[in-house]
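Each chain, written out:
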Amino acid sequence: MKVLLLNGSPRKEGCTYTALTEIAETLKKNGVEAEIFQAGDPSQENVADAAAIMKEADALIVGSPVYWASPSGQIIEFMDKFASKAGKDMIHKPAAAVASARRAGTTATLDVLIKYFTYHQMPVVSGNYWTMVHGNTPDDVRKDAEGLQIMRTLGNNMAWLLKCIEAGKKAGIDAPETEQKIMTNFIR
């Protein structure tokens, strides 16, 4: 089992990375492989690289810093391209969103990111509170004991769900069949 974690921050090892690292370590303790991918570069080549990993991954976690009470522009652009390229490989795979902030805007950030998951029929995995950390630097985030606990809980919940899905497959339980998308247009 493998989880792809997208770091949507332009800062390669900043606060968002610190939160994702806590999750990755928890996944690894549960026997689940975790790969943190630097998604702060929304170039077509970088998106294609992440999409190739998603094809083989069993789950997805997207992290973003809060900029102007929403996800970073880089991760929004990245996710728009990623969902187009990897959408078929996202369907029915568990997903989670993580926000890092100095102070506020986290719930709006989570709301934007989760919409990519619900469109692709991805079960959304939670922590024991909103999946966010607070701090202005990675050292600040490491002092956010509650936030780090939420990241560990998210990692444990993701590992548990992946193991449940694997057990279900072994028992002959498949993901639901996906109907062809119906598009209704109300403008005539």
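An unreviewed UniProt entry lists the protein chain under the name Flavodoxin family protein, with Blautia massiliensis given as the organism.

*Asks:* I would appreciate a short explanation of unusual backbone geometry in the present structure.
*Replies:* Outside of glycine, negative phi angles account for most residues, and trans bonds account for most peptide bonds. Residues other than glycine seldom take positive phi values, yet Trp68 does so here, at roughly 55°. Note that Trp68 resides in the loop between β3 (59–67) and β4 (70–71).

*Asks:* I tried to follow the layout of surface pockets on my own but got confused; where do I start?
*Replies:* Any space left empty among the atoms is revealed by the rolling of a water-sized probe across them. Each pocket or cavity is described by its volume, and for the largest pocket that value is around 410 Å³. A class-by-class count of the residues in the lining of the largest pocket yields 10 nonpolar, 2 polar and 5 charged. Of the pockets and cavities examined, the second largest pocket occupies roughly 320 Å³. Forming the walls of the second largest pocket are 17 residues, and the residues nearest its centre are Arg11, Pro65, Tyr67, Gly135 and Asn136. Elements represented by at least two residues in the lining of the second largest pocket include exactly α1 (15–29), β3 and β5 (95–101). Element by element, the count of residues in the lining of the second largest pocket is highest for β3, at 3 residues.

*Asks:* What is the right way to read the packing of aromatic side chains from this model?
*Replies:* For any pair of aromatic rings, the description rests on two quantities: the centre-to-centre distance and the angle between the ring planes. Evaluated as defined, the whole model comprises 3 aromatic pairs. With a centroid separation of 5.8 Å and an interplanar angle of 20°, the aromatic rings of Phe78 and Phe82 are classed as stacked. Taken together, the residues span about one helical turn, with Phe78 and Phe82 both in helix α3 (residues 73–90) at a distance of 4 residues. Exposure class is identical for Phe78 and Phe82. Each is buried. Both rings, one in Tyr129 and one in Trp130, keep their centres 4.5 Å apart while their planes meet at 85°; by these two values the pair is edge-to-face. What makes Tyr129 partly exposed here is its relative accessible area of 45%. Residue Trp130 is classed as partly exposed on the basis of its relative accessible area of 48%. One aromatic cluster is present, formed by Phe37, Phe78 and Phe82 through successive ring pairs.

Reading the values: rules and limits
Residues numbered from 1 in each chain as written. Predicted model: local features only at pLDDT ≥ 70, side-chain atom pairs only at ≥ 80, totals over all residues. Heavy atoms only, no water. Helix = DSSP H or I, 4+ residues; strand = E, 2+ residues; numbered from the N terminus. 1 Å grid on protein atoms, 1.4 Å probe; cavity = no way out; pocket = protein on both sides within 12 Å on 5 of 7 lines; lining within 4 Å. Points joined across faces, edges and corners; volume = space filled by probe spheres on them. Nonpolar A, V, L, I, M, F, W, Y, C, P; charged D, E, K, R; others polar. Phe/Tyr/Trp six-rings, centres within 6.5 Å; stacked < 30°, edge-to-face > 60°. Buried < 20%, exposed > 50% of the residue type's maximum accessible area, 1.4 Å probe, protein only.

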